[in-house]
Amino acid sequence: MAGRVFVPAEDVQTFVEEARATSYPLAAANPGNVMNSFCVEDAATGTVTVLEQWASQEALDRHVATPEVTALLTKWGPRIRNEVRRFHADETDPRA
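Presented here is an overview of the structure given in this document. (Residues numbered from 1 in each chain as written. Predicted model: local features only at pLDDT ≥ 70, side-chain atom pairs only at ≥ 80, totals over all residues. Heavy atoms only, no water.)

**A short note on helix α1 (residues 12–29)**
1) Next: Helix length check: α1, at 18 residues, gives a terminal C-alpha distance of 26 Å against a target of 26 Å (1.5 Å per residue), a fit within 8%.
2) Next: For α1, the set of buried residues is Val12, Phe15, Val16, Ala19, Thr22, Ser23 and Ala27.
3) Next: In the core, the buried residues of α1 are packed alongside β1 (2–6), β2 (33–42), β3 (47–54), α2 (57–65) and α3 (67–76). (Helix = DSSP H or I, 4+ residues; strand = E, 2+ residues; numbered from the N terminus. Expected span 1.5 Å × (residues − 1). Buried < 20%, exposed > 50% of the residue type's maximum accessible area, 1.4 Å probe, protein only. Contact = heavy atoms within 4.5 Å.)

What follows is the structure in structure tokens.
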């Protein structure tokens, strides 16, 4: 997954801190997590870059279904614009 989340500028630091505090430890405990990163790209515009890599859709589904991630998405969902997209790369495909 890769893309941007747009948060009200006055809330961007709080959003990133909460996303990291919630998602990082849960992702690290999920054996299907390869990489998980949130960073402020532009504080003035509330732009946050999101990069995540998962071994499978099932691993991502387990992560998103945790009560902590569900609560984070419920809290912030109405206040953000999410432009994060899912991509599939197959290591056996020579184009990958």
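**Digging into the sheet that holds β1**
1) Next: Here 4 strands make up an open sheet; going across it, the order is β2-β3-β1-β4 and the pairing antiparallel. Of all the strands in the sheet, just β2 and β4 (81–85) have a single pairing partner and so form its edges. Sheet twist, expressed as the mean angle between neighbouring strand axes with direction ignored, is 15 degrees.
2) Next: The pairing of β1 with β3 spans 5 bridges and is classified as antiparallel. Within the sheet, the bridge partner assigned to Gly3 lies in β3 and is Val50.
3) Next: Against the sheet, α1 makes contact with β1, β2 and β3, and its axis sits at roughly 175 degrees relative to β2, the strand it touches most. (Pairing = 2+ DSSP bridges. Axes fitted to C-alpha atoms, helices over the stretch in contact; angles between N-to-C directions.)

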